[in-house]
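Now for the letters of each chain:
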Amino acid sequence: MIRIDSRSLVVFLAAAITSLGCVGALRMAYSADDPVGPVVLTAPVSVPENATSAIAAPAILRAADGHYWAEASIDGRRTRMLVDTGASLVTLGRRDARRLGVMPQESEFSHTLTTAAGPVKAAPVRLRSIAIAGVRIEDVDAMVIDHDLPAPLLGMSFLGRLSAFEARQDAIVLKG
């Protein structure tokens, strides 16, 4: 059983509202006929000696749409995720949760989140692991939203467990 105090819930709700607003904007901006592919480096990039910004660790490159898309493995199953530093938790829609084998029971959709599109039910889950570009984090807290999302969100419940990450104009550098 997961216990959530009221202050944490308020912070989470604010982050969830922001994240779902971003997802809604992405849904309007990109149709299923125009997918944006993820670009993830799994090794350091070689750069010329005179370059000023070398990437010396695994990184997620910025896509043509301006967002950072990561090719991830959740509990051993591959999925494309939108990096969202404004999301408190990794967030999955029902379709993605079902495909990844982490679908909670109906009775576990006990949290109500208020979003720009109105209230939505959500269920807390714990993912065994998320691996991106050779960086693996185990026992990651996440939420399953009671509807489909255009893409799962990679939030701070993963990113905050890294030793560090650096957001650059061209990439997010991961430091396990």
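Before reading on, note that the structure itself is shown above.
Residues numbered from 1 in each chain as written. Predicted model: local features only at pLDDT ≥ 70, side-chain atom pairs only at ≥ 80, totals over all residues. Heavy atoms only, no water.

**Q** I would appreciate a short explanation of the nonpolar core in the present structure.
**A** Note that soluble globular proteins tend to have their nonpolar side chains buried in a common cluster. V90, L127, I130, I132, L154, F158 and L174 are the most contacted members of the largest nonpolar core, which totals 30 residues. Elements with a contribution of two residues or more to this core: β3 (69–74), β4 (77–83), β5 (90–93), α2 (94–100), β7 (118–132), β8 (135–145), α3 (156–159) and β11 (171–175). When neighbours within four sequence positions are excluded, F158 is seen to be in contact with V90, I130, I132, V135, I137 and V140. Counting residues in each nonpolar core, the second largest holds seven residues, with L113, V120, A122 and M143 among its members. (Core = buried A, V, L, I, M, F, W, Y, C linked by side-chain atoms within 4.5 Å. Buried < 20%, exposed > 50% of the residue type's maximum accessible area, 1.4 Å probe, protein only. Helix = DSSP H or I, 4+ residues; strand = E, 2+ residues; numbered from the N terminus. Contact = heavy atoms within 4.5 Å.)

**Q** Mind showing me how you'd approach unusual backbone geometry here?
**A** Negative phi values dominate among residues other than glycine, just as trans dominates among peptide bonds. Backbone geometry places A133, a non-glycine residue, at a positive phi of 50°. Inspection of the secondary structure assignment puts A133 in the loop between β7 and β8. Classification of A133 as buried rests on a relative accessible area of 8%. Phi is positive for D139, close to 55°, though the residue is something other than glycine.

**Q** Just to check I follow, could you spell out the pairing of β11 for this structure?
**A** As a general feature of sheets, a regular strand has side chains that alternate between the two faces. For β11, the buried fraction is high: four of the five residues fall into the buried class. Pairing of strand β2 (residues 59–61) with β11 involves three bridges; the strand directions are antiparallel. Considered in β11, the bridge of I60 is made with I172. Relative to β11, strand β10 (residues 164–167) is paired through four bridges, and the arrangement is antiparallel. Each residue of the ladder has a partner; that of E166, found in β11, is V173. Between β10 and β11, which pair antiparallel and follow one another directly, the connecting turn spans three residues. (Pairing = 2+ DSSP bridges.)

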